[in-house]
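A closer look at the structure
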Amino acid sequence: MFLNNKRALVTGSTSGIGLAIARALAGEGAEVVLNGFGEQSMIEGLCEELGARHVGADLTTTAGAERLMGEAGPVDILVNNAGMQHVAPVEAFPPEKWDAIIALNLSSAFHTSRLAVPHMKAAGWGRIICTASAHSLTASPFKIAYVSAKHGLAGLVKTLALELAEHNITANCISPAYVWTPLVEQQIPDTMAARGMTREQVMNEVLLARQPTRKFVQPEDVAELALFLCRDAAQNITGANYTIDGGWTAE
Ligand code: NAD
């Protein structure tokens, strides 16, 4: 297994895309550190399944990110995946939601990266992968904080790629369109309210309308690409932003 003797930290990995990535990395022998919230029994079950540890730090704070990195120990693969969404018109967008989304979806990736890089440099090998979004490349109304944070994340990754290029450390974004996870399910009621639509209309006229393939992306599709980016064959892939968006951003 090609990730034997590598430690991987995946933020936001108790659910959805992060969990699929954690499973894929563990499946190739990585020692996985999970992060994220959820029922204690569910988290214990995941730790057992993956032979993983869990650090439940809240990544909306700098202190939380620092605690996570301290408890995780040196990591060879860092997957910045934790994220949240809020849907509202700009004039009604709660400032505290803006702050939380920028903190989690953007600033936490800065904090985990700055704390992970010294070990990666010393080891002469590292992989930083960020789950960005089609919204790192294009916008949608009513998602001002999310779109701003994800565009920022794309810039963060390009900067990391340039700074770390000579250290055998790559940094890349994976940018999916809609993946059927709790994050998407939970934004349906607010989107119904913001756009005056029924649930069916939100599914077909907002979510899948943007994806020419008319199919939700699967968490496992994202995990396969993350796994590939950890391979030696991907050593020259850095600073990239890979879409898995059914053609959305090709329009
Ligand atoms: P999800 O809601 O299923 O999972 C989110 C994870 O983040 C969970 O493990 C949750 O516990 C954790 N989390 C939430 N708040 C946290 C906090 N304050 N500190 C630490 N962990 C926290 O969501 P998902 O759809 O799997 O999303 C994962 C990533 O993928 C996010 O960055 C999201 O923006 C991105 N993304 C999702 C989609 C999609 O359609 N689902 C599309 C593009 C990008």
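Thresholds applied
Residues numbered from 1 in each chain as written. Predicted model: local features only at pLDDT ≥ 70, side-chain atom pairs only at ≥ 80, totals over all residues. Heavy atoms only, no water. Patch = residues over 30% accessible without salt bridge, like charges linked within 9 Å, V, L, I, M, F, W, Y side chains within 5 Å. Areas by Shrake-Rupley, 256 points an atom, 1.4 Å probe, with all protein chains shown as cover. Salt bridge = Lys/Arg side-chain N within 4 Å of Asp/Glu carboxyl O. Helix = DSSP H or I, 4+ residues; strand = E, 2+ residues; numbered from the N terminus. Near = heavy atom within 4 Å. Polar contact = N/O pair within 3.5 Å; in protein donor to acceptor, adjacent residues only side chain to side chain. 1 Å grid on protein atoms, 1.4 Å probe; cavity = no way out; pocket = protein on both sides within 12 Å on 5 of 7 lines; lining within 4 Å. Sits in = over half its atoms within 2 Å of the grid points. Nonpolar A, V, L, I, M, F, W, Y, C, P; charged D, E, K, R; others polar. Points joined across faces, edges and corners; volume = space filled by probe spheres on them. Buried < 20%, exposed > 50% of the residue type's maximum accessible area, 1.4 Å probe, protein only. Contact = heavy atoms within 4.5 Å. Phe/Tyr/Trp six-rings, centres within 6.5 Å; stacked < 30°, edge-to-face > 60°. Lys NZ or Arg CZ within 6 Å of the ring centre and 35° of its normal. Pairing = 2+ DSSP bridges. Axes fitted to C-alpha atoms, helices over the stretch in contact; angles between N-to-C directions.

Focus: a nonpolar patch on the surface
A cluster of nonpolar side chains, namely Val 90, Trp 98 and Ile 144, defines an oily patch on the protein surface of about 270 Å² accessible area. Considering the arrangement of structural elements, one finds Ile 144 in helix 5 (residues 144-164).

Some thoughts on the site of the ligand
Not every one of the 30 residues close to the ligand is listed here, only the nearest: Ser 15, Asn 81, Tyr 146, Val 179 and Thr 181. Within the side chain of Asp 58, a nitrogen or oxygen atom sits 2.8 Å from a nitrogen atom of the ligand. For the ligand, whose free accessible area comes to 830 Å², the fraction covered by protein is 93%. In a pocket analysis with a 2 Å cut-off to the grid points, the ligand is assigned to the largest pocket. At the level of elements, helix 1 (16-27), helix 5 and helix 6 (182-195) are the ones that each hand at least two residues to the shell around the ligand. If one sorts the elements of the shell around the ligand by residue count, helix 6 sits on top with three residues. The class makeup of the residues in the shell around the ligand is 15 nonpolar, 13 polar and two charged.

Some thoughts on the layout of surface pockets
Counted as a void, the largest pocket has a volume near 920 Å³. Looking at the largest pocket, it is lined by 40 residues, and the ones nearest its centre are Asn 81, Ala 82, Gly 83, Met 84 and Leu 183. The leading source of residues in the lining of the largest pocket is helix 6, at six residues. Roughly 170 Å³ of volume is contained in the second largest pocket. Taken together, Phe 110, Ser 113, Arg 114, Val 117, Lys 121, Leu 156, Thr 159, Leu 160, Glu 163 and Leu 164 form the lining of the second largest pocket. Contributing elements (two or more residues each) for the lining of the second largest pocket: helix 4 (95-123) and helix 5. Within the lining of the second largest pocket, the residues separate by chemical class into five nonpolar, two polar and three charged.

A look at the environment of Ala 171
You can see Ala 171 is positioned in strand 6 (residues 169-176). Classification of Ala 171 as buried rests on a relative accessible area of 0%. In this structure Ala 171 touches Ile 128, Val 157, Leu 160, Ala 161, Thr 238, Gly 239 and Ala 240, once residues within four positions along its chain are discounted.

Some points on the packing of aromatic side chains
By the definition in use, this model includes two aromatic pairs. Arranged with centres 5.6 Å apart and planes meeting at 20°, the rings of Tyr 178 and Trp 248 form a pair that is stacked. Separated by 70 residues along the polypeptide, Tyr 178 in the loop between strand 6 and helix 6 and Trp 248 in the segment after strand 7 (241-244) bring together distant segments of the chain. Of the two residues examined, Tyr 178 and Trp 248, each falls in the buried class. A cation over a ring is seen here: Lys 6 above Trp 125, with NZ or CZ 4.4 Å from the ring centre. The lysine or arginine in question, Arg 231, covers the ring of Phe 2, its NZ or CZ lying 4.1 Å from the ring centre.

Overview of the side chain of His 135
Tracing the sequence through the fold places His 135 in the loop between strand 5 (126-131) and helix 5. A distance of 2.6 Å separates polar atoms of two side chains, one belonging to His 135 and the other to Ser 140. Contact partners of His 135, with chain neighbours within four places excluded, come to Ser 140, Lys 143, Tyr 146, Val 147, Lys 150, His 151, Tyr 178 and Trp 248.

A short note on the sheet that holds strand 4 (residues 77-80)
Read across the open sheet, the seven strands follow the order 3-2-1-4-5-6-7; overall the sheet is parallel. Taken across any chain shown, the strands that pair with only one partner, and hence form the sheet edges, are strand 3 (53-55) and strand 7. Taking the axes of each pair of neighbouring strands and ignoring which way they run, one obtains an average angle of 20° across the sheet. Sheet analysis places strand 4 next to strand 5, joined by four bridges and oriented parallel. The partner of Asn 80 across the bridge, within strand 5, is Cys 130. Running over the sheet, helix 1 touches strand 1 (7-10), strand 2 (31-35), strand 4, strand 5 and strand 6 and is turned about 170° from strand 1.

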